[in-house]
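# Inside the fold
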Amino acid sequence: MENTKNILIIGDMPGYGKMGLAGMLPILSNMGHSVYNLPTALVSNNFDYGKFSVLDTTAYMKETIQVWQELGFQFDCVTTGFLASADQVDLLRDFIDSQRKEDFLVITDPIMGDGGKLYNGSTPQTVDNMRRLVGAADVIVPNLTEAEFLTGLHEGEETLTGAEARRVLDGLRELGSPSAVLTSGRERETGRHVVWGFDGRAGEYFTVPYRFIKAHFPGTGDIFTSLLTGQLMGGRSLPQAVQRAVDLLERLIFLEQDVAQRNNGIRIEKYLSVLTE
């Protein structure tokens, strides 16, 4: 794969823990890409601790984007994750439009919930904001809970039939993104844990099964998105990129499953060599 792309990661930067920008930067940099970041918020720690502080960086984002535009900075790919305010949606949509060119790629992970409910701090307005943002994406990567909130389909269900999953994927695409990847699902017919997807370029649905390891780590969605982004920017098709990202993430969770403190996320730097094997 040719890893020579300029990738901009837009999301939250934690002070404590390997999620958000802190988890994604080392992965994409290790894959050989030129990686830049624009924090949407500075967060004290993972929300799972129950107590946290969040600094909204919208004003900084506006000033930074203005400077970058004056300097003529261009990116080949933009990924977006956690947003701190509705104002950031309009700001990012305008910025993405200004970056559009041939082969430009936008990947959006609409971070707002898991396990059938919204995260602490996420609200119905957050869902509305994400619906507006995913319309600017080429590939969206929600987990099952986020997809159900975005589409209003099968809310609260943890398993779907293949036909139901395809309807959810179609609902996601109706929001404006040609391709969608539905992570962390379970196939009702077989009981398998799978990733469902639709490849807009090929016009095809696909399913990638994975081995479920009973070990919860915050930030695994960010890791998956960064792995997927790196594979796509290296020239793989969407199904190939999903398969590779699933395999690598499964390997990381397996290696880290016995660690006592999981709230801080997976120790990415310890396993960077695994990602290039």
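With that settled, the discussion passes to the overall build of the chain. Counting secondary structure elements, the chain contains eight helices and 11 strands. Its C-alpha radius of gyration of 17 Å places the chain within 12% of the 19 Å reference for a compact globule of 277 residues. The C-alpha extent of the chain, read off along each of the three principal axes, is 55 × 40 × 40 Å. When the 277 residues of the chain are sorted by exposure, 53% land in the buried category. Within the chain, counting contacts between residues at least 6 apart in sequence, those at least 24 apart form 67% of the total. Entry remark: accessible area of the chain is about 12300 Å², with carbon and sulfur atoms responsible for 47%. Each charge class in the chain can be summarised by its mean position, and for the 25 positive and 36 negative side chains these summaries are 5 Å apart.

Under the counting rule described, the total for this entry stands at one cavity of 30 Å³ or more. In this structure, the largest cavity occupies an estimated 80 Å³ of space. The biggest single contributor to the lining of the largest cavity is strand β1 (residues 6-14), with four residues. A per-class count over the lining of the largest cavity returns six nonpolar, six polar and three charged.

Okay, the environment of glutamate 158 next. Considering the arrangement of structural elements, one finds glutamate 158 in the loop between α5 (144-151) and α6 (162-173). Put simply, glutamate 158 and glutamine 69 are 89 residues apart on the chain and 43 Å apart in space, counted from C-alpha to C-alpha.

This part is about helix α4 (residues 124-134). Within the span of α4, buried status applies to Thr126, Val127, Asn129, Met130, Leu133 and Val134. One side of α4 carries all its buried residues, which in axial view fall inside an arc of 160°. Along its buried surface, α4 packs onto β4 (77-80), α3 (86-99), β5 (105-108), β7 (117-118), β8 (139-140) and α5.

In this structure, Phe224, Leu228 and Val242 are the most contacted members of the largest nonpolar core, which totals 42 residues. Broken down by secondary-structure element, the contributors of at least two residues to this core are β1, α1 (21-30), β5, β11 (204-210), α7 (220-233) and α8 (238-256). In this structure leucine 228 touches Val141, Leu238, Ala241, Val242 and Ala245, once residues within four positions along its chain are discounted. Core analysis: the next-biggest nonpolar cluster, separate from the first, contains 36 residues, Val78, Ala136, Ile140 and Leu182 among them.

Here we take up the pattern of salt bridges. Taken as a whole and judged by the stated rule, the model has 11 salt bridges. For arginine 188, the salt bridge is made with glutamate 157, and the minimal N-O distance between the two is 3.0 Å. Remark: glutamate 157 occurs in the loop between α5 and α6 and arginine 188 occurs in the loop between β9 (179-186) and β10 (193-199); sequence separation between them is 31 residues. Accessibility expressed as a relative area gives 31% for glutamate 157, which makes it partly exposed. Its relative accessible area of 39% is what places arginine 188 among the partly exposed residues. One network of salt bridges, in which partners are shared, links Glu157, Glu164 and Arg188.

Once that is clear, we can look at the sheet that holds β9. Spatially, the nine strands line up as an open sheet ordered β3-β2-β1-β4-β5-β8-β9-β10-β11, and their pairing is mixed. In this open sheet, the two strands that pair with only one neighbour each are β3 (54-56) and β11. Relative to strand β2 (residues 34-43), β1 runs parallel, the two sharing nine bridges. Pairing of isoleucine 9 across the sheet is with asparagine 37, part of β2. On the sheet, α8 packs against β8, β9, β10 and β11 and is oriented at approximately 15° with respect to β11.

Each value, and the rule that gives it
- Residues numbered from 1 in each chain as written.
- Predicted model: local features only at pLDDT ≥ 70, side-chain atom pairs only at ≥ 80, totals over all residues.
- Heavy atoms only, no water.
- Helix = DSSP H or I, 4+ residues; strand = E, 2+ residues; numbered from the N terminus.
- Rg over C-alpha atoms; globule rule 2.2 N^0.38 Å.
- Buried < 20%, exposed > 50% of the residue type's maximum accessible area, 1.4 Å probe, protein only.
- Contact = heavy atoms within 4.5 Å.
- Areas by Shrake-Rupley, 256 points an atom, 1.4 Å probe, with all protein chains shown as cover.
- Lys, Arg positive; Asp, Glu negative; His and termini not counted.
- Charge placed at Lys NZ, Arg CZ, Asp CG, Glu CD.
- 1 Å grid on protein atoms, 1.4 Å probe; cavity = no way out; pocket = protein on both sides within 12 Å on 5 of 7 lines; lining within 4 Å.
- Points joined across faces, edges and corners; volume = space filled by probe spheres on them.
- Nonpolar A, V, L, I, M, F, W, Y, C, P; charged D, E, K, R; others polar.
- Arc of directions from axis to C-beta.
- Core = buried A, V, L, I, M, F, W, Y, C linked by side-chain atoms within 4.5 Å.
- Salt bridge = Lys/Arg side-chain N within 4 Å of Asp/Glu carboxyl O.
- Pairing = 2+ DSSP bridges.
- Axes fitted to C-alpha atoms, helices over the stretch in contact; angles between N-to-C directions.

The quantities given are spatial measurements derived from coordinates; they are silent on function.
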